[in-house]
Amino acid sequence: MSPTDPDTTDTSVIHWSPNLSVGVTAIDGDHRALIDLLNALTAAVAGPADHGAVTLKLDELIARTEAHFRSEEEIMAREHYPEAGHHARVHEALLDEIRQFRSDHLAGTDIGPEITAFLKRWLISHIIESDKHLGGYLEGRGVG
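Note that the structure is a prediction, hence the values are computed from the model and not measured.

Participant: Can you help me understand the side chain of Thr55 in this one?
Facilitator: Turning to its location among the elements, Thr55 is positioned in helix 2 (residues 51-78). A polar side-chain atom of Thr55 sits 2.8 Å from a polar atom in the side chain of His105.

Spelled out as structure tokens, the structure:
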């Protein structure tokens, strides 16, 4: 499985690779942590039915994603990133989606394959399409 074309139909993990780097240490570190959490969530939903374990992983993923987005948005504001408003709206839309998956899960819906497929696609495409653009902008401003 290539990190730029993950197979989202199975329970495979995403592996960090240099082509996922945006060139900003703090952002790359957060992305690695998010990949680790997504992989843990993938394992939780693929494993034996354990509602509590999936809830815990979803809560961890939401909290870490919120913290990462806040950090990224602070960097964008500080560096006057021209696409900051759009980027923040994309962030909020993802958080809304994850929160809905959590609500569905708490209501008893099996979110397993659907959430992991969605998050794999979203994370990889967001890093490659949006965050790399941000990374290039920040690199041009001497932020790394």
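Participant: Sorry, what's going on with the side chain of Glu79 here?
Facilitator: Residue position: Glu79 is located in the loop between helix 2 and helix 3 (84-106). Using a relative accessible area of 13% as the deciding quantity, one classes Glu79 as buried. Within the structure, Glu79 has its side chain in polar contact with the side chain of Arg141 (distance 2.9 Å). Residue contacts for Glu79: discarding those within four places in its chain leaves Tyr137, Leu138, Arg141 and Val143.

Participant: Is there a simple way to think about helix 4 (residues 112-140) in this case?
Facilitator: Given 3.6 residues to a turn, an α-helix orients residues that are three or four positions apart in the same direction. Taking 1.5 Å of rise per residue, the 29 residues of helix 4 would be expected to cover 42 Å, and the 40 Å separating its terminal C-alpha atoms lies within 8% of that figure. Approximately 40 degrees is the largest bend angle found in helix 4, and it occurs at Ile127. The first or second residue beyond helix 4 is Gly142, which carries a positive phi of 80 degrees.

Participant: What should I look at first to understand empty space enclosed by the protein in this one?
Facilitator: The method is simple in principle: a probe with the dimensions of a water molecule rolls over the atoms, and the space it marks as empty is what remains. Applying the stated rule across the entire model yields one cavity of 30 Å³ or more. Reported here for the largest cavity is a volume of approximately 90 Å³. As for the largest cavity, its lining consists of Leu34, Leu38, Leu61, Thr65, Phe69, Leu94, Ile98, Leu119, Trp122 and Leu123. Elements with a minimum of two residues in the lining of the largest cavity: helix 1 (25-46), helix 2, helix 3 and helix 4. Residues of the lining of the largest cavity, tallied by class, amount to nine nonpolar, one polar and no charged.

Participant: Is there a simple way to explain the environment of Ala43 in this structure?
Facilitator: Considering the arrangement of structural elements, one finds Ala43 in helix 1. Along the primary structure Ala43 and Tyr137 are separated by 94 residues, whereas in three dimensions their C-alpha atoms are 35 Å apart.

Participant: For this particular structure, what's the right way to read the pattern of salt bridges?
Facilitator: Charged atoms that come close allow side chains of opposite charge to pair. For the coordinates displayed, the defined rule picks out eight salt bridges. The residue Glu60 makes a salt bridge to Lys57 at a minimum N-O spacing of 3.7 Å. Taken together, the residues span about one helical turn, with Glu60 and Lys57 both in helix 2 at a distance of three residues. Asp59 is paired through a salt bridge with Arg102; the nearest N and O atoms lie 2.4 Å apart. With Asp59 in helix 2 and Arg102 in helix 3, the pair connects residues that are 43 residues apart, well separated along the chain.

Participant: Honestly, the nonpolar core in this entry has me stumped. Any pointers?
Facilitator: In a soluble, globular protein the nonpolar side chains are often hidden away together inside. In this structure, Ile27, Leu41, Leu94, Ile115, Leu119 and Leu138 are the most contacted members of the largest nonpolar core, which totals 34 residues. When contributions to this core are tallied by element, the ones reaching two or more residues are helix 1, helix 2, helix 3 and helix 4. Per element, the largest residue contribution to this core is nine residues, and it comes from helix 4. Apart from the residues within four sequence positions on either side, Ile27 is in contact with Val22, His68, Glu72, Ile75, Leu134 and Leu138.

Participant: Help me understand the environment of Val90, please; the structure alone is not making it clear to me.
Facilitator: With respect to the helices and strands, the residue Val90 is situated in helix 3. Taking the C-alpha atoms as reference, Val90 lies 9.5 Å from Ser130; in sequence the two are 40 residues apart. Val90 has contacts with Trp122 and His126, leaving out every residue within four places of it along the chain.

Conventions and cut-offs
Residues numbered from 1 in each chain as written. Predicted model: local features only at pLDDT ≥ 70, side-chain atom pairs only at ≥ 80, totals over all residues. Heavy atoms only, no water. Helix = DSSP H or I, 4+ residues; strand = E, 2+ residues; numbered from the N terminus. Polar contact = N/O pair within 3.5 Å; in protein donor to acceptor, adjacent residues only side chain to side chain. Buried < 20%, exposed > 50% of the residue type's maximum accessible area, 1.4 Å probe, protein only. Contact = heavy atoms within 4.5 Å. Expected span 1.5 Å × (residues − 1). Bend = angle between axes of the 7 residues up to and from the residue. 1 Å grid on protein atoms, 1.4 Å probe; cavity = no way out; pocket = protein on both sides within 12 Å on 5 of 7 lines; lining within 4 Å. Points joined across faces, edges and corners; volume = space filled by probe spheres on them. Nonpolar A, V, L, I, M, F, W, Y, C, P; charged D, E, K, R; others polar. Salt bridge = Lys/Arg side-chain N within 4 Å of Asp/Glu carboxyl O. Core = buried A, V, L, I, M, F, W, Y, C linked by side-chain atoms within 4.5 Å.

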